[in-house]
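# Overview (structure and organization)
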Amino acid sequence: MMQIKRTGLTWISFLSYALTGALVIVTGMVMDNIAHYFNVPVTSMSNTFTFLNAGILIAIFLNAWLMELVPLKKQLIFGFILMLIAIAGLILGHSIAIFSACMFILGVVSGITMSIGTFLITHLYEGRQRGARLLFTDSFFSMAGTLFPIIAAAVLSRHLPWYLVYCAIGLIYVAIFIITLFTEFPILAKNAQQQHQPKEKWGPGVFLLALAALCYILGQLGFIAWVPDYATKVLGFELGRAGQLVGNFWTAYMVGMWVFSVVLRFIDSQKLLVLLTALASLLMFWFNHAQDPNMLHLIIAALGFFSSAIYTTIITLGSQQTRVASPKLVNFILTCGTIGTMLTFVVTAPIVSHDGPHAALLTSNSLYLTVFICCLLLGFVTKHRVNQVKH
């Protein structure tokens, strides 16, 4: 019975990351079509997607406390109702205001589900198994990143309504909802949690990792969001081939997660993080200055592979900065990463409007370099080695 419960909760975690990945990654593919639908410039349309990212951020931030007040099962059932309302609004609504409201609702649903999914993994698994499980869970984000740009390209190339892409994404939540109905969830008792988790100072390592999480997500999503626009308008790619670039990134990202979930068992996570961020920064620089179409496909695949373990390793290292893993600490780093998501178009849209999509890709490269510097500095202050020994 316990094994069945754990399996159900673990699958909810997997699908929660797939849902967020699908919603966030598909934006770059559908943005141009939706801009034409509402007859607005693509840069203005990109700002509208900030409502999606704001919803994710607010939900993750508040759910650090709400999880102790509202049962997880009720939250997920309520999320299903909100998902139905949002998709109905996208299909039936014909104004930017309704679209923005639906994007915000989808963001809230995604944020609630993702924060619950992250908590469940840190709650169910300990030690090295937690890091491996988090990495495998995050691979569902990239699976969605591989699948949904292909679905979006198929829908849009056949001149079908763009909202069908969001209907397909909604099927992920249908699966979450069905599993939720038949699964028993842990009950969070605030007082018991406080008794078993002594207060510890987080230390500078946590804040370096939080900054790294913010810059990494902002850099990654800023890059992926504008690669299709850069490929079609600057390099002359067809939409399907531009979508293939994004698909190659996330396919390699997914494979990389599986590989590094094994590698992490044998290499110190902070040292691996420095190596991966250095390689990712160099590969993104190469992509931004390469011209050969075939080479671009190979470079972006290599970038996806070596980027794959960065974010999850940041979260895992964060949870190891205290002797007892704190859900609030994990949520803090997750929130900072989500701020990066929210800022994606706030930061990149003005850059694209003024200097074009290539400038946005160069900005992402500078953010990756910042992540490398943070991870390098972390080596001087990290507590993960000491805490692992004590554990």
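Anything mentioned here points back to the structure above.
Report on the accompanying structure. Note that the structure is predicted; figures quoted are calculated from it, not measured.

Enumeration over the complete set of coordinates arrives at 26 aromatic pairs. Ring geometry for Phe249 against Trp250: centres 4.9 Å apart, planes inclined by 85 degrees, an arrangement best described as edge-to-face. Each of the two residues, Phe249 as well as Trp250, counts as buried. These aromatic residues form a ring-pair network of at least three members: Tyr37, Phe38, Phe49, Phe99, Trp162, Tyr163, Tyr166, Trp226 and Phe345.

With 17 residues, helix H4 (residues 50–66) extends 23 Å between its outermost C-alpha atoms, agreeing within 8% with the 24 Å of an ideal straight helix rising 1.5 Å per residue. Taken together, the buried positions of H4 are occupied by Thr50, Leu52, Asn53, Ala54, Gly55, Ile56, Leu57, Ala59, Ile60, Asn63 and Ala64.

A word on the environment of Glu238. Locating Glu238 in the fold gives a position in the loop between helix H10 (204–233) and helix H11 (239–263). For Glu238, a relative accessible area of 65% translates into the label exposed. Here the alpha-carbon distance between Glu238 and Thr338, two residues 100 residues apart in the chain, equals 31 Å.

Between its first and last C-alpha, helix H6 (residues 96–124) extends 42 Å over 29 residues, near the 42 Å set by a 1.5 Å rise per residue. The element H6 is extensively covered by neighbouring structure, given that 22 of its 29 residues are classed as buried.

The next thing to look at is the packing of H10 against helix H14 (residues 310–319). The axes of two packed helices give the description: the angle between them and the distance between them. The geometry of H10 relative to H14 is characterised by a closest axis approach of 10 Å and an angle of 165 degrees between their N-to-C directions. Here H10 is positioned roughly antiparallel relative to H14, judged by the angle of their axes. For H10 against H14, the interelement crossing comes out left-handed. Listed contacts from H14 to Leu209, Ala212, Ala213, Tyr216 and Ile217 of H10 are Ile310, Tyr311, Ile314, Leu317 and Gly318. Residue classes in the contact of H10 with H14 are distributed as 9 nonpolar, 1 polar and no charged.

This part covers the pattern of salt bridges. Taken as a whole and assessed by the stated rule, the structure comprises 1 salt bridge. A salt bridge links Asp229 to Lys233; the shortest N-O distance between them is 3.1 Å. With a gap of 4 residues between them, Asp229 and Lys233 both fall in helix H10, about one helical turn apart.

Counting through the fold element by element, Gly21 comes out in helix H1 (residues 2–25). For Gly21, a relative accessible area of 0% translates into the label buried. Each C-alpha atom of the pair Gly21 and Phe140 lies 7.7 Å from the other, and the pair is 119 residues apart in sequence. With near-sequence residues (within four places) excluded, Gly21 lies in contact with Val26, Phe141 and Ala144.

Attention shifts here to the packing of helix H12 (residues 269–289) against H14. Two numbers describe how H12 lies on H14: the axes approach to 10 Å, and their chain directions differ by 150 degrees. On the basis of the axis angle, H12 is roughly antiparallel to H14. The chirality of how H12 crosses H14 is left-handed. Each of Ser269, Gln270, Leu273, Leu276, Thr277 and Ala280 in H12 lies in contact with H14, whose residues at this interface are Ile310, Thr313, Ile314 and Leu317. Along the lines of polarity and charge, the residues of the contact of H12 with H14 split into 6 nonpolar, 4 polar and no charged.

So, on to the environment of Asn365. Within the secondary structure, Asn365 is located in helix H16 (residues 357–378). Between the alpha carbons of Asn365 and Ala280 there is a distance of 8.9 Å; along the sequence they are 85 residues apart. Residues in contact with Asn365, not counting those within four places in the same chain, are Ser281, Met284, Phe285 and Asn288.

Here we come to the side chain of Thr27. Among the structural elements, Thr27 can be located in helix H2 (residues 27–38). If near-sequence neighbours (up to four positions away) are discounted, Thr27 is found in contact with Phe49, Leu52 and Phe345.

Together, Phe51, Ile58, Phe61, Leu62, Trp65, Leu66, Leu69, Val70 and Phe104 line one region of the surface with nonpolar side chains, adding up to about 830 Å² of accessible area. Here the nonpolar patch gets 6 residues from one element, more than from any other, and that element is H4. Classification of Phe61 as partly exposed rests on a relative accessible area of 44%.

To continue, consider unusual backbone geometry. Most peptide bonds take the trans configuration, and most residues that are not glycine carry a negative phi. Even without a glycine there, the phi angle at Asn39 is positive, about 60 degrees. Among the residues examined, Asn39 registers a relative accessible area of 71% and is labelled exposed. Despite not being glycine, His159 shows a phi value in the positive range, around 60 degrees. Locating His159 in the fold gives a position in the loop between helix H7 (127–157) and helix H8 (163–181). Accessibility expressed as a relative area gives 74% for His159, which makes it exposed.

So, how was this worked out
- Residues numbered from 1 in each chain as written.
- Predicted model: local features only at pLDDT ≥ 70, side-chain atom pairs only at ≥ 80, totals over all residues.
- Heavy atoms only, no water.
- Phe/Tyr/Trp six-rings, centres within 6.5 Å; stacked < 30°, edge-to-face > 60°.
- Buried < 20%, exposed > 50% of the residue type's maximum accessible area, 1.4 Å probe, protein only.
- Helix = DSSP H or I, 4+ residues; strand = E, 2+ residues; numbered from the N terminus.
- Expected span 1.5 Å × (residues − 1).
- Axes fitted to C-alpha atoms, helices over the stretch in contact; angles between N-to-C directions.
- Parallel < 35°, antiparallel > 145°, perpendicular 65-115°, else oblique.
- Left-handed = near helix turned anticlockwise from the far one by under 90°.
- Contact = heavy atoms within 4.5 Å.
- Nonpolar A, V, L, I, M, F, W, Y, C, P; charged D, E, K, R; others polar.
- Salt bridge = Lys/Arg side-chain N within 4 Å of Asp/Glu carboxyl O.
- Patch = residues over 30% accessible without salt bridge, like charges linked within 9 Å, V, L, I, M, F, W, Y side chains within 5 Å.
- Areas by Shrake-Rupley, 256 points an atom, 1.4 Å probe, with all protein chains shown as cover.

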